[in-house]
Amino acid sequence: MTNRQLNAIEDFKYRVKIPIRFADIDAFGHVNNAIYLTYFEIARSSYWDEIIEWNWDELGIIIRRSLVDYLKPIHLNDEIYAYVKTSRIGNSSFDLDYILVKIIDGREEICTSGQTMCVTFDYKSKLSVPISEKQRNKMIGN
């Protein structure tokens, strides 16, 4: 991700609150690095359900690649939100960008950024398939 993407919260239209569980905290008192992908998954699932209205009966999605940039630690009592947007749409794959922020003194502070490459997948044929026009249109601009 570029610095422009990292600092451009205003480019993201979708935001969801992320609950921090006690089990997410490691021995050093902050959210364990492996949990960030779970936070991205929560945001991604919510985004797909609420904005994209993905039809799971028609088409699956697999994650091909994940990238996480850890900038600042997140702790148990932090109030955090995830921003998510579609940043690239190909034939059968697309990228989602993420920013995790925590609220400090009423403002959002970026803690983490990331990206996943997603592939549309037909589990019956076990092959990647093109993104439907309906889903593609919903991803554009979101």
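**Q** Kindly report on the pattern of salt bridges, identifying the contributing residues and their values.
**A** In total, this model carries seven salt bridges according to the counting rule given. Where Asp78 meets Lys102, a salt bridge forms, and the shortest distance between an N and an O atom there is 3.5 Å. Residue Asp78 is located in the loop between β2 (60–70) and β3 (80–89), and its partner Lys102 is located in strand β4 (residues 93–104); the two are separated by 24 residues in the primary sequence.

**Q** Pulling in residues and values, what's your account of the environment of Gln115?
**A** With respect to the element layout, Gln115 can be found in strand β5 (residues 107–122). Given the relative accessible area of 16%, Gln115 is considered buried. In sequence terms Gln115 and Ala8 are 107 residues apart; their C-alpha atoms lie 14 Å from each other. Leaving out residues up to four positions away in the same chain, Gln115 has contacts with Arg65, Ser66, Leu67, Ser87, Asp95, Leu96, Asp97 and Tyr98.

**Q** Before we move on, could you go through the environment of Tyr47 and cite the residues and values that matter?
**A** Its place among the elements puts Tyr47 in helix α2 (residues 35–52). The spatial distance from the C-alpha of Tyr47 to the C-alpha of Pro19 is 16 Å, given a sequence separation of 28 residues. Not counting the four nearest positions on each side in its chain, Tyr47 is found in contact with Tyr14, Ile52, Val84, Lys85, Thr86, Leu96, Met139 and Asn142.

**Q** Requested: an account of the nonpolar core, with residues and values cited.
**A** Counting 30 residues, the largest nonpolar core has Tyr39, Trp48, Trp54, Ile74 and Phe94 as the members making the most contacts within it. Put simply, the parts of the chain that give this core at least two residues each are β1 (14–18), α2, β2, β3, β4 and β5. Counting seven residues, the second largest nonpolar core, distinct from the first, contains Ile9, Tyr81, Tyr83 and Val101.

**Q** Give a detailed account of the pairing of β3, specifying residues and quantitative values.
**A** Taken across its ten residues, β3 has seven buried, putting it largely inside the fold. Looking at chain direction, β1 and β3 are connected through five bridges and run antiparallel. From the neighbouring strand, Tyr14 faces β3, where its bridge partner is Val84. Where β3 lies against β4, nine bridges are found, and the strand directions are antiparallel.

Scoring rules and cut-offs
- Residues numbered from 1 in each chain as written.
- Predicted model: local features only at pLDDT ≥ 70, side-chain atom pairs only at ≥ 80, totals over all residues.
- Heavy atoms only, no water.
- Salt bridge = Lys/Arg side-chain N within 4 Å of Asp/Glu carboxyl O.
- Helix = DSSP H or I, 4+ residues; strand = E, 2+ residues; numbered from the N terminus.
- Buried < 20%, exposed > 50% of the residue type's maximum accessible area, 1.4 Å probe, protein only.
- Contact = heavy atoms within 4.5 Å.
- Core = buried A, V, L, I, M, F, W, Y, C linked by side-chain atoms within 4.5 Å.
- Pairing = 2+ DSSP bridges.

Read these as layout, nothing more, since geometry by itself doesn't imply function.
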